[in-house]
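Architecture and fold: a report
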Amino acid sequence: MIDTHAHLSSRFNQEVDLSKLDWLVLSASSLADSKDNLEIAKNNLKLKPAIGIHPQEINDSVEELEKLMTKEVVAIGECGLEFTPGVDKIAQENIFRKQIELALKYQKPLIVHSREASEETIKIISEYPNLRGVIHCYTGGKKRIAKIPEQFYFGIDGNITYEVGLEEVVRNIPKNRLVLETDTPFLTPIPHRGETNKPEWIEFTYQKVAEIWNLDFKETEKIIDENAKRLFKIYL
């Protein structure tokens with residue numbers, strides 16, 4: 001199993017059990033997170049660091065972020081748009097585009113955060129034909145699946161275990177473009193909903209997708225893990 005999106009930086013101060021996982025992508029939300037990810041990853045080969053600036057952290061500098069780039073970095077993100085009331089949409093788009101350019105420059109996948117901004121996000125990523133990545137915690141609904149560029153994958157999280165409407169979305173996502181995430185410490189799946197999420201609990205999300213696909217666990221795991229390896233170009 002592979003967790004393609006977890007937050008384990010020092011601000012969460014969380015011990016994890018990685019024994020069931022092949023590897024895990026450490027997603028970043030800020031410069032501080034990005035630095036933490038690089039340090040944490042030194043201690044465990046299963047931890048693969050991403051660096052990025054979340055749309056809520058628009059005062060951080062992409063130029064400073066680029067200085068953190070090393071051969072260990074597997075992705076840029078999470079970054080994107082969050083158009084909740086009162087935000088500076090222009091500043092968000094500016095920092096998003098700068099990180100897109102960074103991903104293209106270093107040929108890394110982009111981990112895209114999109115909240116209340118599905119159409120705007122799709123429009124922007126569609127402008128870059130060589131850009132590839134994942135829509136983290138995809139919430140764009142069934143009708144937008146076909147609008148997402150083919151070189152992008154769909155990240156599905158623990159909320160699939162309790163949001164019935166999301167099941168139909170997963171049925172419509174191409175099997176070869178789906179990856180799974182915990183978003184640790186958030187979006188905890190049933191049967192642990194209400195607790196702080198853990199990477200090892202991605203097992204319950206795999207189980208749910210296997211049920212939706214009407215496949216056994218091992219076959220589901222093989223498909224999803226191959227997708228993650230292809231997306232992040234990590235073959236262990």
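First, a word on what this report is: a plain description of the structure on this page.

Attention now goes to the environment of N227. If you trace the backbone, N227 turns up in helix 7 (residues 217–232). Assessed through its relative accessible area of 2%, N227 is described here as buried. Sequence-wise, N227 and V179 are 48 residues apart; in three dimensions their C-alpha atoms are separated by 6.4 Å. With near-sequence residues (within four places) excluded, N227 lies in contact with Y153, K175, N176, R177, L178 and V179. Here K175 takes part through its backbone oxygen, which lies 2.7 Å from a polar atom of the side chain of N227.

It is worth spelling out the nonpolar core at this point. F96, L110, Y138 and F232 are the most contacted members of the largest nonpolar core, which totals 69 residues. Setting aside chain neighbours within four positions, we find F232 in contact with T4, W23, V25, V74, A75, P109 and I111.

An order of 1-2-3-4-5-6-7-8 is seen for the 8 strands of this open sheet, with the pairing classed as parallel. Each of the sheet's edge strands pairs with one partner strand only, and the pair in question is strand 1 (2–6) and strand 8 (178–180). For this sheet, the mean angle separating the axes of adjacent strands, direction not counted, is 30°. Across the sheet, helix 6 (residues 202–213) touches strand 1, strand 7 (152–156) and strand 8, and the angle it forms with strand 8 is around 150°. Helix 7 rests against strand 1, strand 2 (23–26), strand 4 (75–82), strand 5 (110–115), strand 6 (133–135), strand 7 and strand 8 of the sheet, and its axis sits at about 95° to strand 8.

Looking now at the side chain of K208. As for its placement among the helices and strands, K208 is situated in helix 6. In this structure the side chain of K208 is engaged in a polar contact, spanning 3.1 Å, whose partner is the side chain of E211. When residues no more than four places from it in sequence are discounted, the contact partners of K208 are I160, T161 and E167.

Between its terminal C-alpha atoms helix 7 stretches 22 Å, which fits the 22 Å expected from 16 residues at 1.5 Å a residue. At the N-terminal end of helix 7, a side-chain oxygen is found 3.3 Å from the backbone nitrogen of K218, two or three residues along, and the residue is D216. The first or second residue beyond helix 7 is K233, which carries a positive phi of 55°.

A few words now on the packing of helix 6 against helix 7. Running from N to C, helix 6 and helix 7 point in directions that differ by 105°, and their axes come no closer than 9 Å. By the angle class used here, helix 6 and helix 7 are roughly perpendicular. For the pair formed by helix 6 and helix 7, the contact residues are E203, Y206, Q207, V209, A210 and W213 on the first element and F217, T220, E221, I223, I224 and D225 on the second. Its residues assigned to classes, the contact of helix 6 with helix 7 comprises 7 nonpolar, 2 polar and 3 charged.

Cut-off values and rules
All residue numbers here refer to positions counted from 1 along the written sequence of the relevant chain. In keeping with the predicted nature of the model, local features appear solely for residues at pLDDT of at least 70, side-chain atom pairs appear and are counted solely at 80 or more, and the whole-chain, interface and lining totals rest on all residues. To obtain the side-chain values, all non-hydrogen atoms of the structure were used and water was disregarded. Secondary structure elements follow DSSP: runs of H or I no shorter than four residues count as helices, runs of E no shorter than two count as strands, and numbering proceeds from the N terminus. Exposure is judged per residue with a 1.4 Å probe applied to protein chains only, and the accessible area is read against the type maximum: over 50% gives exposed, under 20% gives buried, and values in between give partly exposed. Throughout, a contact is declared for two residues whenever any of their heavy atoms are within 4.5 Å. Polar contact is defined as a pair of N or O atoms within 3.5 Å, subject to the rule that within protein one atom must be able to donate a hydrogen and the other to accept it, and that residues adjacent in sequence are counted only when both atoms are side-chain atoms. Buried Ala, Val, Leu, Ile, Met, Phe, Trp, Tyr and Cys residues that are joined via side-chain atoms within 4.5 Å together make up what is termed a nonpolar core. Strand pairing follows a simple DSSP-based rule, namely that at least 2 bridges must link the two strands. For helices, the axis comes from a line fit to the C-alpha atoms of the stretch in contact; other axes are also lines fit to C-alpha atoms, and the angle between any two N-to-C directions lies between 0 and 180 degrees. Expected span, for any helix, means 1.5 Å times one less than how many residues it has. Angular relationships are summarised with four words: roughly parallel below 35 degrees, roughly antiparallel beyond 145, roughly perpendicular across 65 to 115, and oblique for the angles in between. We call Asp, Glu, Lys and Arg charged. Ala, Val, Leu, Ile, Met, Phe, Trp, Tyr, Cys and Pro are nonpolar, and the rest, Gly among them, are polar.

By themselves, these observations are geometric and do not establish any function.
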